[in-house]
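Descriptive analysis of the structure
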Amino acid sequence: MAEEKLRAAVIGGGLGGSHGYAYAHAPEYELVAICDINPEVFPRFFERAELPPGSIKQYTDYHEMFEKERLDVVSVATPDHLHTDPVCDASNAGVRGVICEKPLTTTVKDADRIIETIEANGTKLSVDHSRSWVPSFQAVKKAVLDGEIGGLTRIVAHMGGRRSMLFRNGTHLIDGVCFFANAAPVWVIAAHEQGFEEYGPVYDGKGGKDPQYDPGSTIIIEFANGVRGIVNSAKLTPQLFEYDLQGPNGRYWLTDKHCTAWKTEEREGTPVQVTPPEGGSYTSSLGDILIPAVQEMAQMVLHDGPSSSPAYRGRDTLEIMLAALISQTKGSAKIELPLPRE
């Protein structure tokens, strides 16, 4: 007997169109509503979601939506600094699962509030660091954990192009480093790109839409298991997004479209190219890449399954970015983690 469809809704009509598309194309769901404080964005939502205009309920107050729609799962796709209240209010209203856009929040205080709220209510949550669901990324992580390159020593991550922004897109790059490192970060050293020398110590990205308010940054991250991440994000460089994962017995070079692998015959030996782990690549469609995320959320809600992008890792990613801002203001000083609670 087929399980009853989960009732889903989206808060945030701009970027939320991709979430709407994913729910509409995942058989586990019935997409029932969209909410935005500005009704003028609804046509854009329906266009991006590839849905007939007016085909689901439209609200300008998510509290009213929670009261009327008996929702199981909600996506929060509001601007970067406006995630906390809708996530917590959804959890307190009895919504069973939340997919929150990245970054989780822009302050440690807000991240802790989210985590405390969802844990108190038993709400499932995933952060939309979309590469968490890409098969090639998951296959490489499994290979590393299985010891295929003798463990992990270094992760070198690059992001280039105009949208190299620490919070807006850098959150994806840094979360990928955390995804592969598979441990808590313990310290951070950072230096922003030229022109952002005075940026910090708090987020001032104004919602994440304009690159002039969000710097690229070079960051060194030490993890509790000894893995060290080196993040290089810079505007005025070619568009790219890649990871170089290195261990004593090999290396994986991973982009959104390709994976190349090398292994050595002896520890710290000469690497020879080998067949990479099997796994599909990243799709350029945000809606399509979110389909595995919403399907995983259905398993989380219905069967207590795990998240590929859990809230605690979203908090780690945020803390690294905030520590980078602090490090910049202190002359690229080493910033110990965790940061003090505000």
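Cut-offs used in this document
Residues numbered from 1 in each chain as written. Predicted model: local features only at pLDDT ≥ 70, side-chain atom pairs only at ≥ 80, totals over all residues. Heavy atoms only, no water. Salt bridge = Lys/Arg side-chain N within 4 Å of Asp/Glu carboxyl O. Helix = DSSP H or I, 4+ residues; strand = E, 2+ residues; numbered from the N terminus. Buried < 20%, exposed > 50% of the residue type's maximum accessible area, 1.4 Å probe, protein only. Core = buried A, V, L, I, M, F, W, Y, C linked by side-chain atoms within 4.5 Å. Phe/Tyr/Trp six-rings, centres within 6.5 Å; stacked < 30°, edge-to-face > 60°. Lys NZ or Arg CZ within 6 Å of the ring centre and 35° of its normal. Arc of directions from axis to C-beta. Contact = heavy atoms within 4.5 Å. Polar contact = N/O pair within 3.5 Å; in protein donor to acceptor, adjacent residues only side chain to side chain. Pairing = 2+ DSSP bridges. Axes fitted to C-alpha atoms, helices over the stretch in contact; angles between N-to-C directions. Parallel < 35°, antiparallel > 145°, perpendicular 65-115°, else oblique. Left-handed = near helix turned anticlockwise from the far one by under 90°. Nonpolar A, V, L, I, M, F, W, Y, C, P; charged D, E, K, R; others polar.

**Remarks on the pattern of salt bridges**
All chains considered together, the criterion is met by 17 salt bridges. Its salt-bridge partner being Lys-263, residue Glu-148 comes within 2.4 Å of it at the nearest N-O pair. Pair noted here: Glu-148 is in the loop between α6 (135–145) and β7 (154–160) and Lys-263 is in strand β13 (residues 259–263), with a separation of 115 residues, a long-range link. Judged by relative accessible area, which is 37%, Glu-148 ranks as partly exposed. The residue Arg-228 makes a salt bridge to Glu-222 at a minimum N-O spacing of 2.6 Å. The buried category is assigned to Glu-222, whose relative accessible area is 14%. Through salt bridges with shared partners, one network takes in Arg-7, Glu-30, Lys-57 and Glu-69.

**Some points on the nonpolar core**
Across soluble globular proteins, nonpolar side chains have a tendency to be buried as a group. In terms of nonpolar packing, the biggest core is built from 75 residues, with Met-65, Phe-180, Ile-219 and Tyr-243 touching the most fellow members. Per-element accounting of this core gives the leading share, nine residues, to helix α9 (residues 311–329). In this structure, Ala-26, Ile-34, Ile-56 and Val-73 belong to the second largest nonpolar core, which totals 27 residues.

**Thoughts on helix α1 (residues 16–25)**
The element α1 is extensively covered by neighbouring structure, given that eight of its 10 residues are classed as buried. Every buried residue belonging to α1 is among Gly-16, Gly-17, Ser-18, His-19, Gly-20, Tyr-21, Ala-22 and Tyr-23, and all of these are buried.

**Here we look at the packing of aromatic side chains**
Under the criterion given, the structure shown has 10 aromatic pairs. Ring geometry for Phe-196 and Tyr-199: centres 6.2 Å apart, planes at 65°, overall edge-to-face. For the pair formed by Phe-196 and Tyr-199, the shared burial category is buried. Taken together, Phe-137, Phe-179, Phe-180, Phe-241 and Tyr-243 form an aromatic cluster joined through their ring pairs. The ring centre of Phe-241 lies 3.7 Å from the NZ or CZ of Arg-131, which sits over that ring. Over the ring of Phe-179 we find Lys-141, and its NZ or CZ is 4.3 Å from the ring centre.

**Considering helix α3 (residues 62–69)**
Helical geometry note: an α-helix holds 3.6 residues per turn, so side chains three or four residues apart project in the same direction. Taken as a whole, α3 has its buried residues at Tyr-62, Met-65, Phe-66 and Glu-69. Angularly, the buried residues of α3 cover 100° about the axis, an arc narrow enough to put them on a single face. Every exposed residue of α3 that faces more than 90 degrees away from the buried side is listed here: Glu-67 and Lys-68. Of the surrounding secondary structure, the elements contacted by the buried residues of α3 are β1 (6–11), β2 (29–35), β3 (57–59), β4 (73–76) and α4 (84–92). Between a side-chain oxygen at the N-terminus of α3 and the backbone nitrogen of His-63 the separation is 2.8 Å; the capping residue is Asp-61. After α3 finishes, the residue Arg-70 shows a positive phi value of roughly 50°.

**Describing the sheet that holds strand β5 (residues 97–100)**
Within a beta sheet, neighbouring strands are joined by backbone hydrogen bonds and run either parallel or antiparallel to one another. In spatial order, the strands read β3-β2-β1-β4-β5-β6; together these six strands make up an open sheet with parallel pairing. Across the chains shown, the open sheet's two edge strands, defined by having one partner strand only, are β3 and β6 (124–127). Each neighbouring strand pair of the sheet contributes to a mean axis angle of 20°, computed without reference to strand direction. Where β2 lies against β3, three bridges are found, and the strand directions are parallel. Counterpart to Cys-35 in the pairing with β3 is Tyr-59. Sheet strands touched by α4: β1, β4, β5 and β6. Its angle to β5, the strand with the most contacts, is close to 170°.

**So, the environment of Val-76**
Looking at the secondary structure, you find Val-76 in strand β4. Look at Val-76 and you get buried, because its relative accessible area is 0%. With 64 residues separating them along the chain, Val-76 and Gly-12 place their C-alpha atoms 6.5 Å apart. Excluding anything up to four places from it in sequence, Val-76 contacts Ile-11, His-83, Pro-86, Val-87, Val-98, Ile-99, Cys-100 and Glu-101.

**A closer look at unusual backbone geometry**
Following Gly-200, the chain continues to Pro-201 via a peptide bond in cis, the omega torsion being 10°. Residue Pro-338 is bonded to the preceding Leu-337 through a cis peptide linkage, with omega at 5°. Tracing the chain through its elements places Pro-338 in the segment after β15 (335–336). We note that Asn-182 has phi near 60°; this positive angle belongs to a residue other than glycine. With respect to the element layout, Asn-182 can be found in the loop between α7 (170–181) and β8 (185–192).

**Some remarks on the packing of α7 against α9**
Packing of α7 against α9 leaves a shortest axis separation of 9 Å and a crossing angle of 120°. Classified by the angle their axes make, α7 and α9 are oblique. The two elements α7 and α9 meet at a crossing, and its hand is right-handed. Of the residues in α9, those touching α7 at Thr-171, Ile-174, Asp-175, Cys-178 and Phe-179 are Arg-313, Thr-317, Ile-320 and Met-321. Grouping the constituent residues of the contact of α7 with α9 by class yields five nonpolar, two polar and two charged.

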